[in-house]
Amino acid sequence: MKSAIVITLLATLLGCSSSTVQTQQGVQPNNITEISTTEILAQETIRDSPHADLFIFKNRVYVVDHQLTVQSNQIGEKLGTIQQQHKADEPFTEFMSTTLPIGTEMYQIKNEVHIDQLAIKVKDHYKVYKALEEG
């Protein structure tokens, strides 16, 4: 009986409390925006290098690696295409790029067990993009 009263009391208190923030204009609802680690990593990369060549795939940030090369016989399964160009002050979304044009194709590299590296078709050749490590 006591536990039922305690649970009812807690539910009532929690249900009746509203999250507010005191501002100069008065009391405003507390608007909390969730930001993914992918978004944070992409934004930090852009902050550190405003012209960074990156895209988002499977909630990971990929950046171009000019040191790595891939030949056409190493190209595996097509994984998708770039669908959006990133604009300043907009959140990053899946298949969004900072520099690659919409429609750019992304491929898995043969014999790569993980998708830490992807091949991106640029005109008549491929560029390698590496996933950034979180943390």
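Residues numbered from 1 in each chain as written. Predicted model: local features only at pLDDT ≥ 70, side-chain atom pairs only at ≥ 80, totals over all residues. Heavy atoms only, no water.

**Q** Could you give me a rundown of the side chain of Glu-39, with the residues and numbers involved?
**A** For Glu-39, the position within the fold is in helix α2 (residues 37–48). For the buried residue Glu-39, which engages in no salt bridge, the nearest side chain bearing the opposite charge is Arg-47, 11 Å off. Excluding residues that lie within four positions of it along the chain, Glu-39 makes contacts with Glu-90, Pro-91 and Phe-92. (Helix = DSSP H or I, 4+ residues; strand = E, 2+ residues; numbered from the N terminus. Buried < 20%, exposed > 50% of the residue type's maximum accessible area, 1.4 Å probe, protein only. Lys, Arg positive; Asp, Glu negative; His and termini not counted. Salt bridge = Lys/Arg side-chain N within 4 Å of Asp/Glu carboxyl O. Contact = heavy atoms within 4.5 Å.)

**Q** Give a description of the confidence of the model for the protein that names residues and reports values.
**A** When pLDDT is averaged across the protein, the result is 82; 75% of the residues are at 70 or more. A low-confidence stretch, residues 1–24 (pLDDT under 50), is modelled with 11 contacts involving residues beyond four sequence positions or located in other chains. (pLDDT = per-residue confidence, 0-100.)

**Q** For the packing of aromatic side chains, give the residues involved together with the corresponding values.
**A** Enumeration according to the criterion identifies five aromatic pairs in this entry. Seen from their ring centres, Phe-57 and Tyr-62 are 6.4 Å apart, and the 55° between their planes marks the pair as tilted. The exposure classification of Phe-57 matches that of Tyr-62, with both residues buried. (Phe/Tyr/Trp six-rings, centres within 6.5 Å; stacked < 30°, edge-to-face > 60°.)

**Q** Tell me about the nonpolar core, and please be specific about residues and values.
**A** Generally speaking, nonpolar side chains in soluble globular proteins are found buried as a group. By size, the foremost hydrophobic cluster in this structure holds 13 residues, and its most contacted members are Phe-55, Phe-57, Tyr-62, Leu-100, Met-106, Ile-120 and Tyr-129. For this core, the elements supplying multiple residues, two or more each, are β3 (54–57), β4 (60–64), β9 (117–122) and β10 (125–131). The leading source of residues in this core is β9, at three residues. Contact partners of Met-106, with chain neighbours within four places excluded, come to Phe-55, Phe-57, Glu-77, Lys-78, Leu-79, Gly-80, Thr-81, Ile-82, Phe-95, Ala-119 and Ile-120. (Core = buried A, V, L, I, M, F, W, Y, C linked by side-chain atoms within 4.5 Å.)

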